[in-house]
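Observations on the three-dimensional arrangement
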Amino acid sequence: MDRLLAGVVAGALLAGAAQAEPGSTAVRREAWSVAGLNAPAQMVVDRWGIPHIFAGSSRDAFFLQGYNAGRDRLWQIDLWRKRGLGRLAASFGPSYVAQDRAARLFLYRGDMAAEWAAYAPGAKDAVEAFAAGVNAYVAEVKAGRKPLPVEFRLTTSQPELWAAEDILRIRSHALVSNVTSEVARAQVACAGGLAFDRLRRTISPPHATVVPAGLDPCVVPADVLKDYLRATEAVSFEDLATGGRKAEASPQTQLAEAIKAYENEGSNNWAIAPSRTATGRPILANDPHRPVGAPSLRYIAHLNAPGLDIIGAGEPALPGVSFGHNADMAWGLTIFYIDQEDLYVYETKGDSYRYRSGYEPMKVLHETIEVKGEAPRDVTLKFTRHGPVIDETPDTGKGAHAFAMRTVWNLPGASGYFGSSRMWRAKSWADFKAGQEAWGTPPLNLVFAETGGDIGWSAAGLTPIRPNWDGLLPVPGDGRYEWAGMMPESQLPALHNPPRGFVATANQMNLPDGYPKPTSYEWADRSRITRIEEVLSGLPKATLADSMALQTDSHDALSRRTIALLKGLSSPDPQVQHALDLLRSWDNNETTGSVAAAIYQAWTTNHLGHTVVAAVVPEAARSLVGSGSIDGVVTWLESPDAAAARDGLLLNSLAATIADLKKGLGPDMALWTWGRLHHADFKPAAAVLADSRLAQQMGTGALEIPGSAQTPRAATYSPTTFNQTAGASIRLVMDVGAWDNSVAVNTPGQSGDPFSVHYRDLFPLWASGAYVPLDYSRAAVNRDAEMVVTLEPAK
């Protein structure tokens, strides 16, 4: 371990120790008897809350993983299951009926035999064992032998038992594609401003968007996605806290918020070849960016059994790991943009819809939703040949219409992230490619590195073939716009041992030149990948510490383009002039102590886009375009179209920013640091039901955070509070072949129990850019043990 890396990890150990219970460093030893376990096993929990499970069979390893998920995350995984299956009202009451009905529209309802067959051999056994492990823990809770998490008491609810099918049938936790953008674009087209939609979302590769023949975009209602948004939103307890239904934002506001949240959930990964590392071994780094909060979206686990030895991270309600390594190979993931959703628009008569030369009946299902404290509700679910009906409108002069969503998530093998089951025992590029070519969802950039020195990248995911349209707008559902099956995944782009010695992705448009047809036209801007490639290209002999520093890098490459527009500008207002001088001399590094970073972020987030949109977009479309995207706005400002108005738009929006900051941070510009604005402060949803003391215990407290969505650190924030909302849910840097040198950090901690030492102990490390060891060998695990549990089958 090189000197710099040792310093980073040592800092992490010290910071972690500061959070631990004082006094004793002795290993805690316990013996548990567990019903359903087949043979004796051992679980070692290390000083950072990471469980290392050593079992006599892979079945028992997955069983204990489920049992441990109950131990550490029972409230979280139980809530996810209830949300996904549409069972919230049964535990929390009538205000959740609409969310339950919406979630049921997106359940997998196909053949379970085909579903199980879509994953790795033995995957069904793993899922069944995992579910049995969760149930074993739930049974102990219900029997009073294990504690009931505090959130169940706050909501006067109880955990439920799982069926193995529950884990895979739930699709609404990981829906990811462009249906929200389709609807926004349709509304912009109706308002007459389709040409200005590129301020909202950049199209790449360059492409002329046209309204599909037969579509009247004005028949698409503003709230057409209300069920989609309900099905995919997080569970809120505001209604239980206040005793009434909270006021909902306008449909356009809800849609804009959903689009922004989706666009900002990026990720970074890279693999570096032995020829470019200091050790002569590959390095693989991954930091998936998702919503951040308490408890963490991700969970780190290690499973060791005959024929199975994997460590890494995934969502705590899934068996195995979604990304990490085994003894031979490491893999990582980021979102690769494949358009996997389409909104279909139908002319209807009653429960029938026009299809080709006639009308076709919808499939109508009647289901019962249990409601806590009240009579059950009967609900109706409708489906067309394309998918669930998410909205219907009566005839108001243009005929009656229905709207259904077609998505690959209805297909076998599309359970989110479970394609990783084919990576657990993979050893080579050939094994990796076999797993990639069977991948379902979400669409991913998979990166790979193995102990022999190979590295690589491949796109992965189910890719609909649209023979006669581009997927950027809704389409008529009358048969003119049909998928022509799925593209063979072997045809997705890939790189194996590229000459430059590394592969890297950050959700950018990375289709090779001449690729036959884009998998999508909507990608993340290039700000993160620009910085990542600059840094990696400048490292002839990269170290683990270099990758750790790059994962937490706060350099904003897009800001260079924005600030270049300010060249030659001046202002008679001395504070605006001072702001111009600060921005033009800034190094583009968004540190917590930077005044220029605070000015730049407040300007580009809350003023520049709004000013440009108000000046150039037709009034009817302005609320739909909103503030645009930073990339879209800057691209327009760089164009000849903006030449006449550019200087005035830049200076006026900057002056408004200075006035805002003066009002919020005081008159002394020297005190306007980015850290004063930008924080991470996580509070779980159920905290609104707690008294003030318990609510404080359930939160993390606020820490200053560098970076923004456009930096590799990816610290996305609310434009109103500047509190971080999304970013690196977890960070892993793996030394391929010398696995015990690998490091990781979760946030805010491994445990979901607010009273556990591991609930928030990793939060300051994550915020400061520190890591903890990702122990893999038995010797390293034993060295860093905090608790050793001997597990015996219950007699």
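Computed from a predicted structure; not experimentally measured.

With that settled, the discussion passes to the overall build of the chain. For the chain, the helix and strand inventory stands at 27 helices and 29 strands. Its C-alpha atoms give the chain a radius of gyration of 26 Å, within 12% of the compact-globule value 28 Å for 795 residues. Split into buried and exposed, the 795 residues of the chain put 61% on the buried side. Sequence-distant contacts in the chain: of pairs separated by 6 or more residues, those separated by 24 or more amount to 73%. When the accessible area of the chain is evaluated, it comes to approximately 28400 Å², of which 54% is carbon and sulfur surface. When the 73 basic and 84 acidic side-chain charges of the chain are each reduced to a single mean position, those positions are 1 Å apart.

Moving on, we come to the side chain of Arg185. By the secondary structure assignment, Arg185 is in helix H9 (residues 179-190). A polar contact of 2.8 Å, which involves the side chain of Arg185, links it to the side chain of Asp197. Among the polar contacts listed, one links the side chain of Arg185 to the side chain of Glu522, at a separation of 2.8 Å.

Remark on secondary structure: sheet strands pair via backbone hydrogen bonds, oriented parallel or antiparallel. The eleven strands are arranged S1-S29-S2-S3-S6-S7-S8-S9-S17-S18-S20 in an open sheet whose pairing can be described as mixed. Of all strands in the sheet, those with a lone pairing partner are strand S1 (28-34) and strand S20 (494-496), marking the two edges. Pairs of neighbouring strands in the sheet enclose a mean axial angle of 20°, with direction left out of account. The pairing of strand S3 (residues 51-54) with strand S6 (residues 299-305) spans three bridges and is classified as parallel. Looking at the pairing, His52 lines up with His302 of S6. Contacting S1, strand S2 (41-46), S3, S6, strand S7 (308-314) and strand S29 (785-793), helix H2 (residues 58-85) crosses the sheet at an angle of about 155° to S6.

This part is about the packing of aromatic side chains. When we look at a pair of aromatic rings, we describe it by the centre distance and by the angle of the planes. All chains considered together, the criterion is met by 28 aromatic pairs. Where Trp75 meets Phe237, the ring centres are 5.9 Å apart and the plane angle is 40°; that geometry is what we call tilted. Of this pair, Trp75 sits in helix H2 while Phe237 is found in the loop between helix H11 (226-232) and helix H12 (238-242), placing the two residues 162 residues apart along the sequence. On the basis of relative accessibility, which here comes to 1%, the residue Phe237 falls in the buried class. Aromatic pair Trp739 and Tyr776: ring centres 6.4 Å apart, planes at 65°, arrangement edge-to-face. Here Trp739 is found in the loop between strand S26 (730-735) and strand S27 (743-746), whereas its partner Tyr776 is found in the loop between strand S28 (772-773) and helix H27 (778-783), with 37 residues between them in sequence. Among the residues examined, Trp739 registers a relative accessible area of 7% and is labelled buried. Residue classification places Tyr776 among the buried residues on the basis of a relative accessible area of 10%.

Let us look at helix H16 (residues 544-551). Summarising burial for H16: six of the eight residues are buried, a large majority. Every buried residue belonging to H16 is among Leu544, Ala545, Ser547, Met548, Leu550 and Gln551, and all of these are buried.

Compared with the 40 Å implied by 1.5 Å per residue over 28 residues, the 28 Å span of H2 between its first and last C-alpha is markedly short. If you look at H2, its biggest bend is around 105°, right at Arg73. Just downstream of H2 lies Gly86, where phi reads positive at about 75°.

A word on the pattern of salt bridges. One side chain can pair with another of opposite charge once the charged atoms of both are near each other. Counted by the stated rule, this structure contains 43 salt bridges. Where Glu522 meets Arg185, a salt bridge forms, and the shortest distance between an N and an O atom there is 2.8 Å. Taken together, the positions of Glu522 in the loop between strand S21 (502-505) and helix H15 (527-537) and Arg185 in helix H9 put the pair 337 residues apart, joining distant regions of the chain. Take Glu522 and Arg185: they sit in the same class, and that class is buried. Measuring nitrogen to oxygen at the nearest pair gives 3.3 Å for the salt bridge that ties Asp339 to Arg466.

It is worth spelling out the packing of H2 against helix H6 (residues 123-142) at this point. Axis separation between H2 and H6 bottoms out at 7 Å; the angle between their running directions is 50°. Taken together, the axis directions place H2 and H6 in an arrangement best described as oblique. Classified by chirality, the crossing of H6 by H2 is right-handed. Contacts between H2 and H6 pair Arg59, Phe62, Phe63, Gln65, Gly66, Tyr67, Ala69, Gly70, Arg71, Leu74 and Ile77 from the former with Ala126, Ala129, Phe130, Ala132, Gly133, Val134, Ala136, Tyr137, Val138, Glu140 and Val141 from the latter. In the contact of H2 with H6, the residues fall into 15 nonpolar, four polar and three charged.

Below, the discussion takes up the pairing of strand S11 (residues 352-355). Put simply, side chains in a regular strand alternate between the two faces of the sheet. A one-sided burial pattern is seen for S11, the buried positions being Tyr353 and Tyr355 and the unburied ones Ser352 and Arg354. Bridge count between strand S10 (residues 341-349) and S11: two bridges; the pairing is antiparallel. Residue pairing across strands places Lys349 opposite Ser352, the latter belonging to S11. If you look at the hairpin formed by S10 and S11, you'll find two residues sitting between the two strands, and Gly350 has a positive phi there, around 60°.

Reading guide: rules and limits
- Residues numbered from 1 in each chain as written.
- Predicted model: local features only at pLDDT ≥ 70, side-chain atom pairs only at ≥ 80, totals over all residues.
- Heavy atoms only, no water.
- Helix = DSSP H or I, 4+ residues; strand = E, 2+ residues; numbered from the N terminus.
- Rg over C-alpha atoms; globule rule 2.2 N^0.38 Å.
- Buried < 20%, exposed > 50% of the residue type's maximum accessible area, 1.4 Å probe, protein only.
- Contact = heavy atoms within 4.5 Å.
- Areas by Shrake-Rupley, 256 points an atom, 1.4 Å probe, with all protein chains shown as cover.
- Lys, Arg positive; Asp, Glu negative; His and termini not counted.
- Charge placed at Lys NZ, Arg CZ, Asp CG, Glu CD.
- Polar contact = N/O pair within 3.5 Å; in protein donor to acceptor, adjacent residues only side chain to side chain.
- Pairing = 2+ DSSP bridges.
- Axes fitted to C-alpha atoms, helices over the stretch in contact; angles between N-to-C directions.
- Phe/Tyr/Trp six-rings, centres within 6.5 Å; stacked < 30°, edge-to-face > 60°.
- Expected span 1.5 Å × (residues − 1).
- Bend = angle between axes of the 7 residues up to and from the residue.
- Salt bridge = Lys/Arg side-chain N within 4 Å of Asp/Glu carboxyl O.
- Parallel < 35°, antiparallel > 145°, perpendicular 65-115°, else oblique.
- Left-handed = near helix turned anticlockwise from the far one by under 90°.
- Nonpolar A, V, L, I, M, F, W, Y, C, P; charged D, E, K, R; others polar.

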